[in-house]
Amino acid sequence: MLMLVNYSCEETLEIESRNTFTEDFIYSDPDQLESLVFTSYNSTEGWGLNKFMWWSRRFNIEGASFEAKFNFNDLDQYRLRAGWNPNNVGVFRDQWRKYYSYIRDILVFLDKVDDSEAMKINPEKVNLLKAEMKFLLANTYSKLIKYYGGVPLIKNALSLKDDFNISRSSYQDCVDFIVQNLDEAAAVLPLTRPDNEFGRATKLAALAVKSRTLLYAASDLHDPATLPNGPLYDYIADDKWLKAAEAAKAVIDEVGARDLIPVTDAESYGDLFLSANRDIIFARPYGDILFDYGTDVNSLWNQTQAPSGYGGWALSSPTHNFALLYNMNDGTSTSEALYNPAQPNENREMRYYATLNYNGAEFRNREVEYFLSRDTDVHPDGLDSPNGLGNVLHSSKTGYNIRKFQDESKGLTETSPGRPFILYRLAEIYLNYAEANFELGEEDIAREYVNKVSTRALQPAITATGSDLLEAIKRERRIELCFEGHNFFDERRWMNTANLGFDVKGLKWFKETDGSLTNEEITVVTRPWFDRQYYLPIPQSEINKTDSLIQNDGY
């Protein structure tokens, strides 16, 4: 349904399109104009973080978060250990150029559409397309400011006669611009879409982007009392948490504060991430025709995240640090009595089994085997170990792999009809609302909405108060929204340096000669923390183009 083109050949495709269909023709035909809008949906992202680089077409931001690390040969693909500088940010290198390229295309559309022949022919359809583009513009800017703070706020397409010496706008002005465009889009977009339009913008999607944007703006990272500070980073509003709460409540009111889709076990929970459902507010659909990178099925996660012994590439290894955040099935933590480090996979909460592969997990008709044998004359090494099957350089360095989003009904290189890359969903909105209400002192409301998420996952109701309640809300975000692109930004906006710089832990498994399994906790790599890395540096190539572009603090 959506036209997904890979970014590396996008300019060529655009040139060919102009040769075949002139710009005048495109803007005179509502259907051609719709196809033009479809290409801008590429700005909403997919399974790969950076489509210019071979590796990062196949993994996303999870490996740069507390959740996971890049697995192959312990390479520093995100450059977290070496540290970012304006000339080298690893696989983050094209974020600035990528987003501004999409913004340019959207602004050209918005500049031309009102006076177009297509608008005269079918104003209802074209105004809806215009609202979609405003949504995409706001969504793209919302991602830019998460990475960079305040950015140049370009509101109209630039011509060769325009001044390109554009300064960065304040973070607050960027937030206000994003909210304005989302409000305008929400006033026009339909509340929901029919099944055959899954993946297109809706009123709910616009309200969800607004909710996330205002929640981030209200957080510690953007408080004037924290560093870095100043107009490029600060959001100053006495009612900032009220605005964040109201933005989430706008979505909640539209859905009637309904319960999330119920589940009975890990399998039914895992199935929620394999196809369209009413809890998904906005997503990119991928199926038999539409893949993340051109027509390369290997950009989907069945192969790229499966354990090595299955023929998988296991590119993002969850950390043991993250795995320990999963509760026990009675709601207690792994620091309490029920947890047994010798048997870490026993009696864990349901989501542990749905989202992680671990030693002994039943996956694709056999148990996952990360263990090494103490004596290979007695027992062979595990099939997924460094001495196992497949390319053993891909064997997990932490003793975990990602199970979430894996469609086990399909082979590693087969596609799933309509499998979504989820961008916004109702569980996030409930957690946004819980966090904002906690900050407002409304603990009863905060508990009500965090429990809508936690109890759906078959955990006992959260009864905590005060700082313990806030930590419960944060834990719930880390677990419920894992591997969906949240944690990298959440830990930064909370300024939680303990989860930004840390020893990445893993479990090393052994099969003893008597057949028993033992493990030891190991440090896989040490990830340092540099305070400048709350934000990416603006690429030096962009700084060199204009005197007015100020670099982020610390670079």
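That block above? That's the structure.
What counts, and where the lines are drawn
Residues numbered from 1 in each chain as written. Predicted model: local features only at pLDDT ≥ 70, side-chain atom pairs only at ≥ 80, totals over all residues. Heavy atoms only, no water. Helix = DSSP H or I, 4+ residues; strand = E, 2+ residues; numbered from the N terminus. Buried < 20%, exposed > 50% of the residue type's maximum accessible area, 1.4 Å probe, protein only. Contact = heavy atoms within 4.5 Å. Expected span 1.5 Å × (residues − 1). Polar contact = N/O pair within 3.5 Å; in protein donor to acceptor, adjacent residues only side chain to side chain. Salt bridge = Lys/Arg side-chain N within 4 Å of Asp/Glu carboxyl O.

### Some remarks on the environment of Glu439
Note that Glu439 resides in helix α14 (residues 426-439). Assessed through its relative accessible area of 35%, Glu439 is described here as partly exposed. Distance from Glu439 to Phe92, taken between C-alpha atoms, is 32 Å for residues 347 residues apart in sequence. Once you skip the residues sitting within four places of it in the chain, Glu439 turns out to touch Trp241 and Leu470.

### A word on helix α4 (residues 95-113)
The end-to-end C-alpha separation of α4 is 27 Å, in line with the 27 Å expected for 19 residues at 1.5 Å each. Here α4 lies mainly inside the structure; 14 of its 19 residues are buried.

### Considerations on the environment of Thr518
Structurally, Thr518 is set in strand β11 (residues 517-527). Through-space distance from the C-alpha of Thr518 to that of Tyr449 is 40 Å; in sequence the pair is 69 residues apart. The residues contacting Thr518, other than those within four sequence positions of it, are Arg374, Lys508, Trp509, Phe510 and Glu512. Of the polar contacts made by the side chain of Thr518, one reaches the side chain of Glu512; its length is 2.6 Å.

### Thoughts on the pattern of salt bridges
What the rule picks out here adds up to 43 salt bridges. Between Arg351 and Glu476 there is a salt bridge, with the nearest N and O atoms lying 2.4 Å from each other. Here Glu476 lies in helix α16 (residues 466-480) and Arg351 lies in helix α13 (residues 350-355), a separation of 125 residues in the sequence. According to the relative accessible area criterion, Arg351 is buried, its value standing at 0%. A residue is classified by how much of its surface remains accessible, and Glu476, at 0% relative accessible area, is buried. Several salt bridges converge on common partners, so that one network encompasses Arg258, Asp279, Glu349, Arg351, Lys404, Arg425, Arg456, Arg475, Glu476, Glu480 and Glu484.

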